[in-house]
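# Coordinate inspection notes
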Amino acid sequence: MTATVQRIEDLVGAAGSHLVATVNPEFVMRARKDSEFARVLESAALCLPDGTGVVWAARRQGCELREPVAGVDLVQPLAAMCARRGFRLFLLGAAPGVAAELAATLRDANLGLEVAAHAGSPDPSDDVESVHRIHDHRAQVLLVAYGAPTQELWFDRLKDRLGVSVAVGVGGSFDYLTGRVPRPPAWMRRAGLEWLGRLALQPWRIRRMAVLPMYALKVLRSGK
Ligand code: UDP
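All of the points below concern the structure found in this document.

What counts as what
- Residues numbered from 1 in each chain as written.
- Predicted model: local features only at pLDDT ≥ 70, side-chain atom pairs only at ≥ 80, totals over all residues.
- Heavy atoms only, no water.
- Salt bridge = Lys/Arg side-chain N within 4 Å of Asp/Glu carboxyl O.
- Buried < 20%, exposed > 50% of the residue type's maximum accessible area, 1.4 Å probe, protein only.
- Helix = DSSP H or I, 4+ residues; strand = E, 2+ residues; numbered from the N terminus.
- 1 Å grid on protein atoms, 1.4 Å probe; cavity = no way out; pocket = protein on both sides within 12 Å on 5 of 7 lines; lining within 4 Å.
- Points joined across faces, edges and corners; volume = space filled by probe spheres on them.
- Nonpolar A, V, L, I, M, F, W, Y, C, P; charged D, E, K, R; others polar.
- Pairing = 2+ DSSP bridges.
- Axes fitted to C-alpha atoms, helices over the stretch in contact; angles between N-to-C directions.

### A word on the pattern of salt bridges
Two side chains that carry opposite charge are able to pair once their charged atoms sit near each other. Under the criterion given, the structure shown has 12 salt bridges. The shortest N-O distance in the salt bridge between Arg59 and Glu64 comes to 3.3 Å. Judged by its relative accessible area of 39%, Arg59 falls in the partly exposed class. For Glu64, a relative accessible area of 61% translates into the label exposed. One salt bridge in this structure joins Arg180 and Glu101, with 2.9 Å as the shortest N-O distance. In this pair, Arg180 is assigned in the loop between helix H9 (173-177) and helix H10 (186-190) and Glu101 in helix H6 (residues 98-109), connecting sequence segments 79 residues apart.

### Re the layout of surface pockets
Looking at the largest pocket, its volume works out to about 1,200 Å³. Contributing to the lining of the largest pocket are 50 residues, with Asn24, Pro25, Glu26, Arg198 and Leu212 lying nearest its centre. Elements represented by at least two residues in the lining of the largest pocket include exactly helix H2 (25-33), helix H4 (52-60), helix H5 (71-85), H9, helix H11 (194-201), helix H12 (206-209) and helix H13 (212-222). When residues in the lining of the largest pocket are grouped by element, the largest group, 7 residues, is from H2. Here the lining of the largest pocket is built from residues that sort into 25 nonpolar, 13 polar and 12 charged.

### Focus on the sheet that holds strand E5 (residues 141-145)
On the basis of which strands lie adjacent, the open sheet formed by 6 strands has the order E2-E1-E6-E5-E3-E4 and parallel pairing. Both outer strands of the open sheet, strand E2 (46-49) and strand E4 (115-118), are each paired with one neighbouring strand and no more. Looking at each pair of strands side by side, their axes are set apart by 20° on average, direction ignored. One ladder, built from 3 bridges, connects strand E1 (residues 18-23) with strand E6 (residues 166-169); its direction is parallel. Bridged to His18 within E6 is Val166.

Right, dumping it as C-alpha cells:
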C-alpha cells in the first residue's frame, strides 16, 4: 500500500494521463475474452492486486507481491497523500449523493484537501457534463467508481479530454466507504475469503462470481 501510494504520487508528477487498475479475478477472466478490456488493462501505468486471489496467482507464477491493494483500501491513503502534496482530487461515480458524501468525509479527515464529486454516468451522453466538472475542479487525481470494465473503458475513451494525471478505477468503493454496502470482516479478507463474505452479503453477485472456480483452475494449471 505504501509503495502504491508513492508510485501514484510519482505518476502525478509525470507527463501524461495514467490509468491505475485494481485487478481482481473477475477482471482477469473478462480480459481473456474481451480484447478491448485486455488492451486497456495492458495500457495501465499500474495494475494493483485487488484481493488475495490475484496475489496467489502472481506468486504461483513467480511474482512476489507483498499484499493485496484493494481499491476500497486505497481511497483514504490516497486522499491523505493528495492533501499532503496539494493535489486536487475528484470522485466520480456511484448513485447520486454518494460521492459527495464521501468527499465531505475525506475533507473533514484531511485538512486542506481540495476534493470535488459528481455522480454522472458512463453513458456518452453524460461525457460533456462530467468532463466539464473535472476540468472545472482542475483535478489531478480522479477516482472513477462505475465498476469494471465500464470505468476503465470510460477513462480510455476520455483520457485525452480530462486533463487529469492519474485515474484509478475503484468499483463499488464509494458504497463501502459511505456504509451503503457492508464489507466482509477483516479476518475473512485476510483469510482469502472475501468472495464468500461478499456472496453472503450480496447474493446477487453469484452470477459474476461464477468465473472464480475456472479462475482457480487456470491458475493451478499455469503455476510452476
Ligand atoms: N455505477 C454507476 N453508474 C453506472 C453503473 C455503476 O455509478 O452506470 C456504480 C455503482 O453505483 C457502484 C459501482 O458503480 O457504486 C459498481 O460497484 P460494483 O460493486 O458492481 O463494482 P466492483 O467493486 O464489483 O467492481
